[in-house]
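Fold and geometry: a report
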Amino acid sequence: MAEKITYKRPDGKECRGYYVSSSAGETAPGIVVLQEWWGLNDQIKGVANRLAEAGYRALVPDLYRGKVTLEAAEAEHLMSNLDFGDAATQDIRGAVQYLKGSSPKVAVMGFCMGGVLSILSAIHVKELDAAVCWYGVPPEETGDTRTIKIPIQGHFALEDEYFTPAQVDALESRLQEGKVN
């Protein structure tokens, strides 16, 4: 069953999100799904719905506070105004804590902008059990990826002009230096 929910962030503020329960019950593993730069749109809700059908509880934090767009210029504006540190340590961590309330294992997965945030969450959200990044590389100054203690999986393209193979190779080197699984 899909519904809009409100959950607490670690700082006590509230965040809204799109939550889908699983037929496996409230103790099923949880996945926090992180949006692309378009916002919490039907496509990302569809990802959460498919995960629920596969037996997971899924929660998509509304990082743009209700704003969704189809226009690239507006998406870029929304993304550039997002505080990535606050999103990872508050909105996403709050979503992880919400799912951890009854799920023993919780992962995060994100796409593009959400991929960047999935890696930042792997660095900063200690409650996480795993992270999956779909084509996103955070700037080195946002956190030391060598400190990640959970398994992480990354999916990248060889012809991506935004997250280049050189950036991915540098990320992979840092992960290897930290002996990240």
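The structure reproduced in this document is the subject of the present report. In this text, all values refer to a predicted model and were calculated from it rather than measured experimentally.

Reading the values: rules and limits
- Residues numbered from 1 in each chain as written.
- Predicted model: local features only at pLDDT ≥ 70, side-chain atom pairs only at ≥ 80, totals over all residues.
- Heavy atoms only, no water.
- Helix = DSSP H or I, 4+ residues; strand = E, 2+ residues; numbered from the N terminus.
- Expected span 1.5 Å × (residues − 1).
- Buried < 20%, exposed > 50% of the residue type's maximum accessible area, 1.4 Å probe, protein only.
- Arc of directions from axis to C-beta.
- Contact = heavy atoms within 4.5 Å.
- Phe/Tyr/Trp six-rings, centres within 6.5 Å; stacked < 30°, edge-to-face > 60°.
- Salt bridge = Lys/Arg side-chain N within 4 Å of Asp/Glu carboxyl O.

Considering helix H5 (residues 165–177)
A rise of 1.5 Å per residue sets the reference length of H5, with its 13 residues, at 18 Å; its end C-alpha atoms lie 18 Å apart and thus fit the reference within 8%. Along H5, the residues that are buried comprise Val 168, Leu 171, Arg 174 and Leu 175. Relative to the axis of H5, the buried residues are bounded by an arc of 125° and lie together on one face. Exposed and oriented more than 90 degrees from the buried face of H5 are Ala 166, Gln 176 and Glu 177. Those residues of H5 that are buried lie in contact with helix H4 (113–124) and strand S7 (152–155). The first or second residue beyond H5 is Lys 179, which carries a positive phi of 55°.

Looking at the packing of aromatic side chains
Applying the stated rule across the entire model yields five aromatic pairs. Look at Tyr 19 and Tyr 98: their rings are 6.0 Å apart centre to centre, the planes differ by 80°, and that puts the pair in the edge-to-face class. Residue Tyr 19 is found in strand S2 (residues 14–20), and its partner Tyr 98 is found in helix H3 (residues 84–100); the two are separated by 79 residues along the sequence. Between the aromatic rings of Tyr 162 and Phe 163, the centroid separation amounts to 4.8 Å while the plane-to-plane angle is 90°, which identifies the pairing as edge-to-face. With relative accessibility at 5%, the residue Phe 163 sits in the buried group. Three or more aromatic residues joined by ring pairs make a cluster, and in this case those are Tyr 7, Tyr 19 and Tyr 98.

Comments concerning the pattern of salt bridges
Under the criterion given, the structure shown has 11 salt bridges. Of the charged contacts, one joins Asp 91 and Arg 9 as a salt bridge, the two residues approaching to 2.7 Å between their closest N and O atoms. Highlighted residues: Asp 91 in helix H3 and Arg 9 in the loop between strand S1 (2–8) and S2, separated in sequence by 82 residues. For the pair shown, Asp 91 and Arg 9 are each scored as buried. The partner of Glu 26 in a salt bridge is Arg 57, with the nearest N and O atoms 3.3 Å apart. Taken as a pair, Glu 26 in the loop between S2 and strand S3 (30–34) and Arg 57 in strand S4 (residues 57–61) lie far apart in primary sequence, 31 residues in all. Overlapping salt bridges, with partners in common, bring together Arg 9, Asp 11, Arg 65, Asp 86 and Asp 91 in one network.

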